[in-house]
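# Structural description and commentary
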Amino acid sequence: MLYHFLAPLASDVSAFNVFRYITFRSMGALITAMVISVLIGPAFIALLHRIKVGQYILSDVKAHAAKAGTPTMGGLMIMLCVLASVLLWADLGSRYVWQTLLVFGGFGAIGFWDDMTKLRQHQNKGISPRAKMGGLVLIASLAMYLLYADPGYTSRLYIPFAKGWAPDLGVLYLPFGVFLMVASSNAVNLTDGLDGLAIGPTVLAGLVFAIFIYITGNAKLTQYLYLPYIPGVGEVTVFCGAFIGAGLGFLWFNAYPAQVFMGDVGSLSLGGTLGFLALLCKQELILAVVGGLFVAETLSVIVQVSYFKWTGGKRFFRMAPLHHHFELKGIPESKIIIRFWITSIILGLVALSTLKLR
Ligand code: 57M
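Residues numbered from 1 in each chain as written. Predicted model: local features only at pLDDT ≥ 70, side-chain atom pairs only at ≥ 80, totals over all residues. Heavy atoms only, no water.

## Some points on the overall build of the protein
For the protein, the count of helices and strands is 14 helices and zero strands. Start at the N end of the protein and walk to the C end: the helices and strands fall as α-α-α-α-α-α-α-α-α-α-α-α-α-α. Relative to the globule expectation of 21 Å for 358 residues, the C-alpha radius of gyration of the protein, 20 Å, shows essentially globular dimensions. Expressed along its principal axes, the backbone C-alpha trace of the protein runs to roughly 65 × 50 × 35 Å. Long-range contacts, defined here as pairs at least 24 residues apart, represent 74% of the contacts in the protein between residues at least 6 apart. (Helix = DSSP H or I, 4+ residues; strand = E, 2+ residues; numbered from the N terminus. Rg over C-alpha atoms; globule rule 2.2 N^0.38 Å. Contact = heavy atoms within 4.5 Å.)

## Side note on the nonpolar core
In this structure, M181, F209, F239 and L279 are the most contacted members of the largest nonpolar core, which totals 86 residues. Not counting the four nearest positions on each side in its chain, F239 is found in contact with V82, V86, T100, L101, F104, T273 and L277. If you look at the next biggest cluster of nonpolar residues, it comprises eight residues, including L194, L293, I336 and F340. (Core = buried A, V, L, I, M, F, W, Y, C linked by side-chain atoms within 4.5 Å. Buried < 20%, exposed > 50% of the residue type's maximum accessible area, 1.4 Å probe, protein only.)

## A closer look at the site of the ligand
In the vicinity of the ligand, 30 residues are found, and the nearest of them are Q55, H64, N189, D192 and D264. In the environment of the ligand, an oxygen atom lies 2.8 Å from a nitrogen or oxygen atom belonging to the side chain of K67. In the complex, the protein chains occlude 81% of the 1,100 Å² of accessible area that the ligand would expose alone. The element that contributes the greatest number of residues to the shell around the ligand is helix α10 (residues 263–280), accounting for three residues. Of the residues contributing to the shell around the ligand, the split by class is twelve nonpolar, twelve polar and six charged. (Near = heavy atom within 4 Å. Polar contact = N/O pair within 3.5 Å; in protein donor to acceptor, adjacent residues only side chain to side chain. Areas by Shrake-Rupley, 256 points an atom, 1.4 Å probe, with all protein chains shown as cover. Nonpolar A, V, L, I, M, F, W, Y, C, P; charged D, E, K, R; others polar.)

## So, the pattern of salt bridges
Inspection of the entire model under this criterion finds nine salt bridges. The salt bridge partner of R95 is D150, with a shortest N-O separation of 2.5 Å. You can see R95 sitting in helix α4 (residues 95–121) and its partner D150 sitting in the loop between α5 (129–148) and α6 (173–191), a full 55 residues away along the chain. One connected set of salt bridges, linked through shared partners, spans D114, K118, K132 and D264. (Salt bridge = Lys/Arg side-chain N within 4 Å of Asp/Glu carboxyl O.)

## Let's talk about the packing of aromatic side chains
Summed over the entire model, instances satisfying the criterion amount to 13 aromatic pairs. Judged by centre distance (6.3 Å) and plane angle (35 degrees), the ring pair of F16 and F19 falls under tilted. For F19, a relative accessible area of 12% gives the class buried. With centroids separated by 6.0 Å and ring planes inclined at 85 degrees, the aromatic side chains of F326 and F340 adopt a geometry described as edge-to-face. With F326 in helix α13 (residues 322–328) and F340 in helix α14 (residues 333–353), the pair connects residues that are 14 residues apart, well separated along the chain. F326 sits in the partly exposed class, given a relative accessible area of 24%. You can call F340 buried: its relative accessible area is 8%. Grouped by ring-pair contacts, the aromatic residues F16, F19, F24 and W89 constitute a single cluster. Taking NZ or CZ as reference, R95 lies 4.7 Å from the ring centre of Y96, over its face. (Phe/Tyr/Trp six-rings, centres within 6.5 Å; stacked < 30°, edge-to-face > 60°. Lys NZ or Arg CZ within 6 Å of the ring centre and 35° of its normal.)

## A look at the packing of helix α3 (residues 75–89) against helix α9 (residues 236–254)
The interhelical angle for the contact between α3 and α9, taken along N-to-C directions, is 145 degrees, at an axis separation of 9 Å. Taken as a pair, α3 and α9 cross one another with a handedness that is right-handed. For the pair α3 and α9, contact is made by M77, I78, C81, V82, S85, V86 and W89 and by V238, F239, A242, F243, A246, G249, F250 and F253, respectively. Within the contact of α3 with α9, the residues separate by chemical class into 13 nonpolar, two polar and no charged. (Axes fitted to C-alpha atoms, helices over the stretch in contact; angles between N-to-C directions. Left-handed = near helix turned anticlockwise from the far one by under 90°.)

## Some details on the side chain of H64
Looking at the element boundaries, H64 is found in the loop between α2 (22–50) and α3. Here H64 falls in the buried class, since its relative accessible area comes to 9%.

## Here we look at the environment of A258
Checked against the element boundaries, A258 lands in the loop between α9 and α10. In this structure, the C-alpha to C-alpha distance between A258 and L207, residues 51 residues apart in sequence, is 23 Å. Not counting chain neighbours up to four residues away, the residues in contact with A258 comprise T70, D195 and F253.

This is the structure in structure tokens:
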């Protein structure tokens, strides 16, 4: 809204020109979302306590017993702050911003449905895997259709280090994109099992994609870096700013020892959005590097389940996903979290280093 009200005033007062700059508005969106989160956080958590949105804790990992009663669905706060900040700072005429909000809100709605069902059941089951997958696939398909039909977008898959080799996947790009978003949302969901473990790497991935998206929407930079140019996509950097700010604001309260968990409403929404951001800036394959930690957590579950079946009951890890393996080895929770963050910082830097290696 600020963009629509204040940017036109630049013809009279040149200082208002800053409202045209994506970088300025992205930083404004980041600070706004972060400040709103930190300000409303205590009241929001108190409200969740009052309406008894307490997490049902499984007893398999003993250290988690102390977490009983910690409210969940803090993801709602992330959604609220992102939405308020985007409405305030973004160019609301940008179709790419609305498409991103569709994935963010749509995946969040499926997560919300799951969280509410768990609360009503008083256990960690939630909606059926079929309903959950169906809902996610439906939202992702709608977003992919909009992207695929967009005249400025391309179904080419840019391969890093392949010197401009970019095969056109054509209509196959649709299921590929749907898979990317759904897989990413489930990977973040699996990772969300220790305080701050999912939100830290998510914020970092948001920052990496903010840089990629800004570049993808800039004709000069894309030409210099041999990256695909998508006019108008740069506006989504403002969304990324809000995403990073709301994530940091949530981390304020989710940091060990957590006062609130994000719930599926948070994890599914954040993960699906990371997948969509990767599609928007044509860095689909780089998503596996930026989100390498999420990939490792998911692979640990696949290895664990396959090995269990193959050996007729033996476990490869003490417990999957990977963070539980380290917990059961006796490593303190805060140490595991910080080590996982360090790993994802390195992965984020590796992803950024590919910018000049095309
Ligand atoms: C999400 N949810 C957390 C919280 C959070 C197939 C199997 C690998 C699935 C997996 C699973 O269910 N994953 C889904 C895991 C839960 O957190 C809630 O869920 C939301 C995210 N969806 O926001 O609301 C618990 O995680 C802890 N937590 C924190 N801090 C946070 O900031 O401490 C979460 C956020 C919370 C809290 O204790 O209650 C979860 O882990 O349940 N299943 C598992 O991860 C289970 N693994 C398992 O069964 N492994 C098996 C096989 C099947 C691979 C094996 O290794 O043999 C573990 N889940 C739990 N205990 N709770 C097993 C140990």
